[in-house]
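# Examining the three-dimensional arrangement
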Amino acid sequence: MKIKNTKYIHFIGIGGIGTSSIAQILKKKGKIISGSDAVSSDITKTLKLAGIKIKIGHSDKNISKKHQLIIYSPAIPSKNPELKKAKKLKIRTISYPEALGELSEDYFTIAVAGTHGKSTTTAITALVAEKGNLDPTVVIGTKIKQFNNKNFRVGESKYFILEACEYRKSFLKIKPDILIITNIEAEHLDYYKNLQNYKKAFELLAKKVNKSGKIIINSDDKDSNVVVKSAKGKVITWSKSDKNSDFLLKKNVLKKLNKKSEQKSNNKIQLNLKIPGKFNLNNAVFSTITGVLLGIENK
């Protein structure tokens, strides 16, 4: 039974940053949510205050026939008593990445992937969309002040902005309409073993964007260029030096280039960041270009 058709949903490992965000989003959408975790934490206490029934410690008694769907953290082992009980009762069980992917099917999804800067870029993109009156739903891997120190936002529009984690290829459960790839550098080698395998995962993600979709990359990042070569969606590039890119960043000004004649393009966006650092400027460029693609007026 799909998430949208269920009412009673139980989370195993609900105290995780990702699982807790989806749990709260689904509660706000009218689902009856319960969950368990091995230990009490600030997150489980917050969930309790939000009206979610929380059990500390895993037990098969936490699962009953009333539950229609079980969502579990990837960290939960197959021998977990709640997971075993759910399978015995033939209740549908899906992992957090699968749930995130399924939830995204009902939205116009903007996914932020990459080795570094995912959380910051997701946060800035979400704030750009919010200020642009797009009223997005958001899932992010950290708490942000502007969302009342929460790691999620529930909107009423078609837009869903999420942080797409590459660990164990979990982001392949998502099919983005707009995909941001911030950068690519060897990471999670306990799983991927080498950079080539790591890049292959990003290549597969890029291929999930259909012909009408967009992929935004920094063309100065060598491996980002590589992973989008066989993508079906339109690749939008920005650079600090390449005048063949779609956008050129000079100092704090982002200029949209007219490929036929650069001089005729007067589309300039001044980036006035309240957060320091060149890396954060890069993150803001991705968010700004996303805002342009979504038709948000430059203010």
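Reference entry: report on the structure contained in this document. Since this is a predicted model, take the numbers as computed values, not measurements.

Attention now moves to the overall build of the chain. Within the chain, the regular secondary structure consists of nine helices and 15 strands. A compact globule built from 299 residues would reach a C-alpha radius of gyration of about 19 Å, and the chain, at 20 Å, matches this within 12%. Expressed along its principal axes, the backbone C-alpha trace of the chain runs to roughly 70 × 40 × 35 Å. Per-residue burial over the chain gives 51% buried out of 299 residues. In the chain, the share of contacts with a sequence separation of at least 24, taken over all contacts with a separation of at least 6, comes to 55%.

Reading across the sheet, the five strands line up as S3-S2-S1-S4-S5 and stay open at both edges, with parallel pairing between neighbours. Here the strands that pair on one side only, and so sit at the sheet edges, are strand S3 (53-56) and strand S5 (92-95). The mean inter-strand angle of the sheet, taken between neighbouring strand axes irrespective of direction, is 20 degrees. When strand S4 (residues 69-72) meets S5, the two strands line up parallel, connected through four bridges.

Quick look at unusual backbone geometry now. Across the chain, the bulk of peptide bonds are trans and the bulk of non-glycine residues have phi less than zero. Within the chain, Lys-193 stands out as a residue other than glycine whose phi angle is a positive 75 degrees. Judged by relative accessible area, Lys-193 falls into the exposed class, the value being 61%. Positive phi, normally seen in glycine, also occurs at Lys-251, with a value near 55 degrees. Following the sequence through the fold, Lys-251 ends up in the loop between strand S13 (247-250) and strand S14 (253-256). Residue classification places Lys-251 among the exposed positions, given a relative accessible area of 78%.

Following the criterion strictly, the structure yields eight aromatic pairs and no others. Aromatic pair Trp-238 and Phe-286: ring centres 5.6 Å apart, planes at 80 degrees, arrangement edge-to-face. Linking Trp-238 in strand S12 (residues 234-239) with Phe-286 in helix H9 (residues 278-293), this pair joins segments that are 48 residues apart in sequence. Here Phe-286 falls in the buried class, since its relative accessible area comes to 2%. Here the aromatic cluster, defined as three or more aromatic residues joined through ring pairs, consists of Tyr-167, Phe-171, Tyr-191, Tyr-192, Tyr-198 and Phe-202.

Another aspect to go through is the packing of helix H1 (residues 17-28) against helix H4 (residues 96-104). Helix-helix packing: each pair is described by the crossing angle between the helix axes and the interaxial distance. Two numbers describe how H1 lies on H4: the axes approach to 10 Å, and their chain directions differ by 40 degrees. In terms of their interaxial angle, H1 and H4 are classed as oblique. Crossing geometry of H1 relative to H4 is assigned as left-handed. Contact with H1, carried on its side by Gly-18, Thr-19, Ile-22 and Leu-26, involves Tyr-96, Ala-99, Leu-100 and Leu-103 of H4 and no other residues of that element.

About the cut-offs
- Residues numbered from 1 in each chain as written.
- Predicted model: local features only at pLDDT ≥ 70, side-chain atom pairs only at ≥ 80, totals over all residues.
- Heavy atoms only, no water.
- Helix = DSSP H or I, 4+ residues; strand = E, 2+ residues; numbered from the N terminus.
- Rg over C-alpha atoms; globule rule 2.2 N^0.38 Å.
- Buried < 20%, exposed > 50% of the residue type's maximum accessible area, 1.4 Å probe, protein only.
- Contact = heavy atoms within 4.5 Å.
- Pairing = 2+ DSSP bridges.
- Axes fitted to C-alpha atoms, helices over the stretch in contact; angles between N-to-C directions.
- Phe/Tyr/Trp six-rings, centres within 6.5 Å; stacked < 30°, edge-to-face > 60°.
- Parallel < 35°, antiparallel > 145°, perpendicular 65-115°, else oblique.
- Left-handed = near helix turned anticlockwise from the far one by under 90°.

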